[in-house]
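What follows is the residue order along each chain.
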Amino acid sequence: LPAILGRFDLVVVDEASQSDLWALPAVLRGKKILVVGDDKQVSPDGSFIAATHVQSLKERFLTDQPHKDVLTPGMSLYDIASTVFAAQKVMLREHFRCVPAIIAYSNRFYDGFMQPLRIPKESERIDPPLVDIYVPSGYRDKKDINRPEAEAIADEITAILQNNQFANRTLGVVSLLGPDQAKYIDTLVRSRCDAAELMRRKFECGDARVFQGSERDIMFLSMVVDPKNAKAISGNSAEQRFNVAGSRARDRMYLVRSVQL
């Protein structure tokens, strides 16, 4: 970037909810800025920085800064802009990625404010759009891997690749509990399926953060937990991850689970 402040008439920051304080130098290059993001999606992780260290820096350098509470490692550029420019904030309500049945879950995080407007073409429709796969033999091991769930996902992906009805459909897998399950599923699927075909399908496995700003025609969510190794989780970070995970699929989303209600 040129070292001149205000060098550009407009600076646009997309996926700003993933951008942290390091995005500020880019913002300073614009006479005007447009910050695009979503505070209901995954934000920067400041949990590995000691709170006392952050507080010490705030007291030393930000004493007279009116917005010092949002200038911390755990806040995104979107959080900062939402506070500093609160009066100019606009929410885009229209949703075009997912079919209505899929986005209905994420819409709860927005109090039903979103308007699902995507009507799939006849060639795009997959019925049903939501598939629930219960794996009664599933178990979570000490490495946070659920092998029966991984097998179920690998079996389904293999079947999809062999079915002409799903030709050219893109595929993705989200682990709702850590990266190890995603790595295991990735290895398992690649050992069974043609690498070139998986590349054409944009096949990828990861946690919710990996897919933020991305989408696939068909997505699998692996819960990983089992009845003996499960607990309810809450809080902003968990809500953000689940919201992102539940809104990546365009036409079909699978929930693969080893627990019952």
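The paragraphs below set out a description of the structure included in this document.

Cut-offs used in this document
Residues numbered from 1 in each chain as written. Predicted model: local features only at pLDDT ≥ 70, side-chain atom pairs only at ≥ 80, totals over all residues. Heavy atoms only, no water. Patch = residues over 30% accessible without salt bridge, like charges linked within 9 Å, V, L, I, M, F, W, Y side chains within 5 Å. Areas by Shrake-Rupley, 256 points an atom, 1.4 Å probe, with all protein chains shown as cover. Salt bridge = Lys/Arg side-chain N within 4 Å of Asp/Glu carboxyl O. Helix = DSSP H or I, 4+ residues; strand = E, 2+ residues; numbered from the N terminus. Buried < 20%, exposed > 50% of the residue type's maximum accessible area, 1.4 Å probe, protein only. Pairing = 2+ DSSP bridges. Right-handed = clockwise from strand over helix to strand, strands pointing away. Contact = heavy atoms within 4.5 Å. Axes fitted to C-alpha atoms, helices over the stretch in contact; angles between N-to-C directions.

A surface patch of nonpolar side chains, amounting to about 320 Å² of accessible area, comprises Leu10, Val12, Leu34 and Val36. For Leu34, the location among the structural elements is in strand S2 (residues 30–35).

So, on to the pairing of strand S8 (residues 216–222). Across the seven residues that make up S8, a large majority, seven, are buried. Direction of pairing for strand S6 (residues 171–175) relative to S8: parallel, over a ladder of five bridges. Each residue of the ladder has a partner; that of Val173, found in S8, is Phe220. Relative to strand S9 (residues 249–257), S8 runs parallel, the two sharing six bridges. Residue pairing for S9: Leu221 is matched across the bridge by Leu255. Crossover connection from S8 via helix H9 (residues 236–245) to parallel S9: handedness right-handed.

With that settled, the discussion passes to the environment of Met114. Note that Met114 resides in the loop between helix H4 (100–107) and strand S4 (115–116). With 125 residues separating them along the chain, Met114 and Glu239 place their C-alpha atoms 17 Å apart. Residues within four places of Met114 in sequence aside, it is in contact with Arg93, His95, Ile103, Ser106 and Asn107.

Read across the open sheet, the five strands follow the order S5-S9-S8-S6-S7; overall the sheet is parallel. For this open sheet the edge positions go to strand S5 (130–134) and strand S7 (204–206), each flanked by a neighbour on one side alone. Neighbouring strand axes in the sheet, compared pairwise and without regard to direction, differ in orientation by 15 degrees on average. Note: S5 against S9, five bridges, orientation parallel.

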